[in-house]
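# Report on the structure
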Amino acid sequence: MNQVLVLCIEDEQEVRDAILRDLEPFAEHFQVEAAETADAAREVLQEALARKDKLGLVLCDHLLPGQSGVDFLVELKKDERTAVARKVLITGQASLEDTVKAVNEAGLDSYIAKPWKREELQEIVVKQLTEFVLGNVEELLPYVSVLDGPRLLEEVGRRKADK
Amino acid sequence: MTEPTAAASSGGSMTVGRMITLIIALIAFTIPWLINFPGLSPEGHRVLSVFLLAVVLWLTEAIPLHATAVLIIFLLILFISDRALIPLPEEYAPDAVSFGQYFATLADPILMLFLGGFVLANCASKYHLDKNLARVVLRPFGTSPIWIIFGLMLVTAVFSMFMSNTATAATMMAVVLPIIRTLPPGDRLAAGLALSIPFAANLGGIGTPIGTPPNAIAVSAMFEAGYDVGFFDWMMMMLPFVIVVMVAAWLMIGWFFRSDTKEIKLQIDSKFNLEPAAIIFYVTFAVTVLLWMTEALHGMASTMVGFLPVVVLISTGVFTTKDMQSIQWHVLWLMAGGIALGAGVRHSGLDQWMIGLVDWEQVGTLLLVALLSIISIILSTFISNTATANLIVPLGLTLAASSGVAISPVEAGVFIAVSCSLAMALPVSTPPNAIAYSTGVFSTRNMMIMGAMIGVVGWVIFIQFAPLVWDALGLMPEVTPQ
């Protein structure tokens with residue numbers, strides 16, 4: 001069964017747990033995975049792609065051990081299998097230069113500054129996943145209850161007629 | 001469930017279940033080639049094999065519904081047309097139907113009626129006429145929950161008479177969802193609001209020949225049987241009872257989901273699009289509906305009128321080439337498959353033979369009517385309403401036309417079409433149900449109880465009560481010689 005993957009990359013365990021807690025409402029409808037580094041994330045991603053899952057959303061810290069978050073996002077943008085995934089940076093320490101690179105080369109969709117509020121993060125996740133689902137998923141109804149319902153339903157109305 | 005499981009959306013992948021279904025379909029197809037059924041013509045045997053194949057594939061959706069439809073057309077051409085690959089025996093060959101006639105089902109007049117409806121509906125959605133009208137019409141209903149439910153049901157039903165039930169339900173749910181979010185958590189009213197939409201869409205679809213595909217399939221088959229039921233005729237017969245059942249459904253929903261909430265705030269900002277293209281569309285829409293209603297005055301058949309918006313809106317560039325690609329051709333082709341199958345069944349005498357298997361004079365009228373409608377309701381609760389109509393309508397009409405049966409083919413057609421729309425007890429019963437259910441606002445149990453109650457009330461009104469009124473008022477169309 002093909003699922004939509006939500007990938008969270010954050011090296012500090014406390015912060016990672018906080019993000020995962022905020023993502024809990026989405027866990028029933030999406031495959032939510034977390035990784036400590038870009039390398040670990042790549043591994044999770046390869047497994048998912050091998051299962052024919054799609055990458056829907058990446059929530060990525062910038063300062064990571066090894067490859068930086070922005071460089072990882074740029075890499076995702078260049079791979080055609082993950083280019084359409086929505087990309088969000090969660091960070092407090094990205095320089096202007098890094099941020100510009102993220103916008104211009106990785107097609108950054110949203111930026112969450114640390115510390116964030118639960119509602120703020122969830123609102124951004126809903127908005128970004130709704131965009132992703134509208135553009136990349138055929139069957140929208142399963143997501144009406146968890147994402148932006150009215151927007152999805154309007155699209156269903158445009159697409160569908162009676163069977 | 002997080003992702004679609006329907007075979008239709010999983011592309012070419014082949015699951016074990018699907019493979020088994022296809023093998024069963026193939027076996028069903030082969031049976032009439034191996035076994036000789038006494039009394040059935042050679043052509044009848046061939047159509048029977050296509051019919052059995054269609055039953056298996058439409059019941060299981062092993063391949064998309066419209067794929068089955070085109071397969072049917074192709075098989076009929078290959079096996080029983082005048083250009084059949086394996087020709088029919090000499091004595092039957094001169095009677096064979098031209099292969100072109102089976103292809104022509106893809107542009108059957110009734111499909112042109114539907115095409116007109118699709119073009120209007122697509123434009124309505126493009127210019128947000130549906131959403132804006134919904135808000136304007138809802139305004140006078142104030143803030144009292146019960147009247148807002150009434151307003152929602154009224155708007156939904158009227159839209160779904162002229163547009164697809166599914167598109168209407170989706171648009172209206174998008175209007176309702178923000179209202180529901182303003183309610184306190186756990187308010188029963190939320191479920192009432194959400195349920196009112198799909199039920200009104202299903203019921204509204206009964207109101208016109210283009211309300212939902214089963215109606216059109218029935219009208220088309222009636223026409224073949226010599227009964228010309230026009231747009232207005234159909235509305236005259238059905239609309240009064242649609243209103244009765246709607247009111248009953250409204251009262252049931254209002255009572256069942258009553259709550260302490262006394263006031264609902266509606267967001268009613270509507271801004272009508274007034275650019276020239278939109279105005280051309282509004283005028284075309286109004287003229288088309290007016291012409292549909294007044295067939296008796298000008299004599300232009302509703303199928304001919306249905307082509308008017310197609311021509312006008314394409315010529316004026318209101319309906320663009322890109323818009324044309326968004327037409328739901330698969331729905332039209334699914335209906336075409338049904339029309340072709342019906343034609344094949346009739347021409348080969350398969351219907352007569354199947355109906356001859358039972359001595360219907362021994363079966364009372366009441367039981368017969370119940371049988372027709374209940375089979376349709378049960379089938380369409382689980383499978384597509386259109387596929388149900390495709391399978392049942394040809395047999396039902398022939399049954400009604402045979403001697404010793406006390407119902408007319410028009411009644412049989414109407415009963416089957418209405419029964420398909422009355423099946424609304426499960427989320428899978430109709431696309432509008434599935435859409436409403438996707439919001440997660442109510443439980444399956446809520447939908448089952450209300451859907452079954454409305455289904456029963458509808459059955460009593462439409463199947464048992466309405467025919468008495470039609471007979472008394474002389475609304476039943478006479479046979480027109482062709």
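Owing to the predicted nature of the structure, the values given are computational and were not obtained by experimental measurement.

### Some thoughts on the overall build of chain A
Of regular secondary structure, chain A possesses six helices and five strands. Across chain A, helices and strands are ordered from the amino to the carboxyl terminus as β-α-β-α-β-α-β-α-β-α-α. For 163 residues, the compact-globule estimate of 2.2 N^0.38 gives 15 Å, and chain A sits close to it at 16 Å. Taken across its 163 residues, chain A has 50% of its residues classed as buried. Sequence-distant contacts in chain A: of pairs separated by 6 or more residues, those separated by 24 or more amount to 64%. A total accessible area of about 7600 Å² is found for chain A, and carbon and sulfur atoms account for 46% of it. Taking the average place of the 21 positive charges on the side chains of chain A and the average place of its 33 negative ones, the gap between the two points comes to 5 Å.

### Comments concerning the packing of aromatic side chains
Residue and element names in this part refer to chain B. Inspection of every chain in the model, using the stated rule, returns 21 aromatic pairs over all chains. Ring geometry for Phe29 and Trp33: centres 6.3 Å apart, planes at 45°, overall tilted. Here the residue Phe29 and the residue Trp33 both occupy positions in helix 1 (residues 16–34), the gap between them amounting to four residues, near one helical turn. Plain terms: the ring middles of Phe141 and Phe150 are 5.7 Å apart, the flat faces sit at 50° to each other, and that makes the pair tilted. Taken together, Tyr127, Phe281, Tyr282 and Phe285 form an aromatic cluster joined through their ring pairs.

### Structural notes on the nonpolar core
Counting 196 residues, the largest nonpolar core has Phe30 of chain A together with Trp58, Leu193 and Phe281 of chain B as its most contacted members. The greatest single-element share of this core, amounting to 13 residues, is contributed by helix 11 (residues 231–256) of chain B. Of the residues that make up this core, three or more belong to each of domain 1 (1–104) and domain 2 (109–325) of chain B. Once residues lying within four places of it in the same chain are set aside, the contact partners of Trp58 of chain B are Leu65, Thr68, Ala69, Ile72, Leu334, Gly337, Gly338, Leu341, Ile383, Ala387, Asn390 and Leu391 of chain B.

### With respect to the packing of helix 2 (residues 42–60) of chain B against helix 19 (residues 385–401) of chain B
All names here are of chain B. Closest axis-to-axis distance for the helix 2/helix 19 pair is 10 Å, and the angle between their directions is 150°. With respect to each other, helix 2 and helix 19 are oriented roughly antiparallel. Helix 2 and helix 19 meet at a crossing whose hand is left-handed. Across the interface between the two elements, Phe51, Ala54, Val55 and Trp58 from helix 2 touch Ala387, Asn390, Leu391 and Leu395 from helix 19. When the residues that make up the contact of helix 2 with helix 19 are grouped by side-chain class, the tally is seven nonpolar, one polar and no charged.

### Comments concerning the domain arrangement of chain B
On domain assignment, one finds that chain B holds domain 1 (1–104) and domain 2 (109–325). Each of domain 1 of chain B and domain 2 of chain B has a C-alpha centre, and these two points are 35 Å apart.

### Digging into the side chain of Ser438 of chain B
Tracing the chain through its elements places Ser438 of chain B in helix 21 (residues 431–438). Here Ser438 of chain B falls in the buried class, since its relative accessible area comes to 10%. Every residue in contact with Ser438 of chain B, bar those within four places of it in the chain, is listed here: Leu141, Val144, Ser145 and Leu153 of chain A.

### Some thoughts on the pattern of salt bridges
All names here are of chain A. One pass over the structure, following the stated rule, counts twelve salt bridges over all chains. Of the charged contacts in the structure, one is a salt bridge between Asp79 and Arg81, with a shortest N-O distance of 3.0 Å. For Asp79, a relative accessible area of 25% corresponds to the partly exposed category. Relative accessible area serves as the criterion here: at 45%, Arg81 is assigned to the partly exposed category.

### Some words on the layout of surface pockets
Roughly 530 Å³ of volume is contained in the second largest pocket. Taken together, 27 residues make up the lining of the second largest pocket; nearest its centre are Arg158 and Arg159 of chain A together with Asn122, Ser125 and Ser326 of chain B. When contributions to the lining of the second largest pocket are tallied by element, the ones reaching two or more residues are helix 6 (149–159) of chain A together with helix 5 (109–126), helix 6 (129–138), helix 8 (165–181), helix 15 (321–325) and helix 16 (329–348) of chain B. In terms of residue count, the dominant contributor to the lining of the second largest pocket is helix 5 of chain B (six residues).

### Overview of the environment of Leu371 of chain B
Relative to the assigned elements, Leu371 of chain B resides in helix 18 (residues 365–382). As a C-alpha pair, Leu371 of chain B and Trp360 of chain B span eleven residues in sequence and 12 Å in three-dimensional space.

### So, the interface of chain A and chain B
Each side of the interface is counted separately: chain A has 28 residues, and chain B has 34 residues. Taken together, both faces of the contact between chain A and chain B bury some 2500 Å²; the carbon and sulfur share is 60%. Summed over the shared surface of chain A and chain B, the result is one salt bridge. It is helix 6 of chain A that provides the largest number of residues to the side of chain A that touches chain B, a total of eight residues. Here the side of chain A that touches chain B is composed, by residue class, of 13 nonpolar, six polar and nine charged.

### Here we look at the sheet that holds strand 1 (residues 4–9) of chain A
All names here are of chain A. Spatially, the five strands line up as an open sheet ordered 2-1-3-4-5, and their pairing is parallel. Looking at strand neighbours, the two that pair on one side only are strand 2 (31–35) and strand 5 (110–113), the edges of this open sheet. When the angles between neighbouring strand axes are averaged without regard to direction, this sheet yields 20°. Pairing between strand 1 and strand 2: five bridges, direction parallel. Within strand 2, the position partnered with Leu5 by the bridge is Gln31. Against the sheet, helix 5 (residues 118–136) engages strand 1, strand 3 (54–60), strand 4 (86–91) and strand 5, with an angle of about 155° to strand 3.

### Describing a nonpolar patch on the surface
There is a patch of nonpolar side chains on the surface, built from Met14, Met19, Ile23, Ile27, Ile31, Trp33, Leu34, Ile35, Leu85 and Ile86 of chain B and spanning about 1000 Å² of accessible area. Tracing the backbone shows Ile86 of chain B in the loop between helix 3 (65–80) and helix 4 (99–104).

### With respect to empty space enclosed by the protein
Residues and elements named next belong to chain B. Counted according to the given criterion, the structure contains two cavities of 30 Å³ or more. Of the pockets and cavities examined, the largest cavity occupies roughly 80 Å³. When contributions to the lining of the largest cavity are tallied by element, the ones reaching two or more residues are helix 10 (213–224), helix 16 and helix 19. In terms of residue class, the lining of the largest cavity is built from five nonpolar, three polar and two charged. One number sums up the size of the second largest cavity: a volume of about 40 Å³. As for the second largest cavity, its lining consists of Phe114, Gly117, Phe118, Phe162, Met163, Ser164 and Ile210. Here the element with the most residues in the lining of the second largest cavity is helix 5; it accounts for three residues. Across the lining of the second largest cavity, the residue classes break down as five nonpolar, two polar and no charged.

Conventions and cut-offs
- Residues numbered from 1 in each chain as written.
- Chains lettered and ligands numbered in written order.
- Predicted model: local features only at pLDDT ≥ 70, side-chain atom pairs only at ≥ 80, totals over all residues.
- Heavy atoms only, no water.
- Helix = DSSP H or I, 4+ residues; strand = E, 2+ residues; numbered from the N terminus.
- Rg over C-alpha atoms; globule rule 2.2 N^0.38 Å.
- Buried < 20%, exposed > 50% of the residue type's maximum accessible area, 1.4 Å probe, protein only.
- Contact = heavy atoms within 4.5 Å.
- Areas by Shrake-Rupley, 256 points an atom, 1.4 Å probe, with all protein chains shown as cover.
- Lys, Arg positive; Asp, Glu negative; His and termini not counted.
- Charge placed at Lys NZ, Arg CZ, Asp CG, Glu CD.
- Phe/Tyr/Trp six-rings, centres within 6.5 Å; stacked < 30°, edge-to-face > 60°.
- Core = buried A, V, L, I, M, F, W, Y, C linked by side-chain atoms within 4.5 Å.
- Domains from an automatic or database assignment.
- Axes fitted to C-alpha atoms, helices over the stretch in contact; angles between N-to-C directions.
- Parallel < 35°, antiparallel > 145°, perpendicular 65-115°, else oblique.
- Left-handed = near helix turned anticlockwise from the far one by under 90°.
- Nonpolar A, V, L, I, M, F, W, Y, C, P; charged D, E, K, R; others polar.
- Salt bridge = Lys/Arg side-chain N within 4 Å of Asp/Glu carboxyl O.
- 1 Å grid on protein atoms, 1.4 Å probe; cavity = no way out; pocket = protein on both sides within 12 Å on 5 of 7 lines; lining within 4 Å.
- Points joined across faces, edges and corners; volume = space filled by probe spheres on them.
- Buried area = accessible area lost by both parts, 1.4 Å probe.
- Pairing = 2+ DSSP bridges.
- Patch = residues over 30% accessible without salt bridge, like charges linked within 9 Å, V, L, I, M, F, W, Y side chains within 5 Å.

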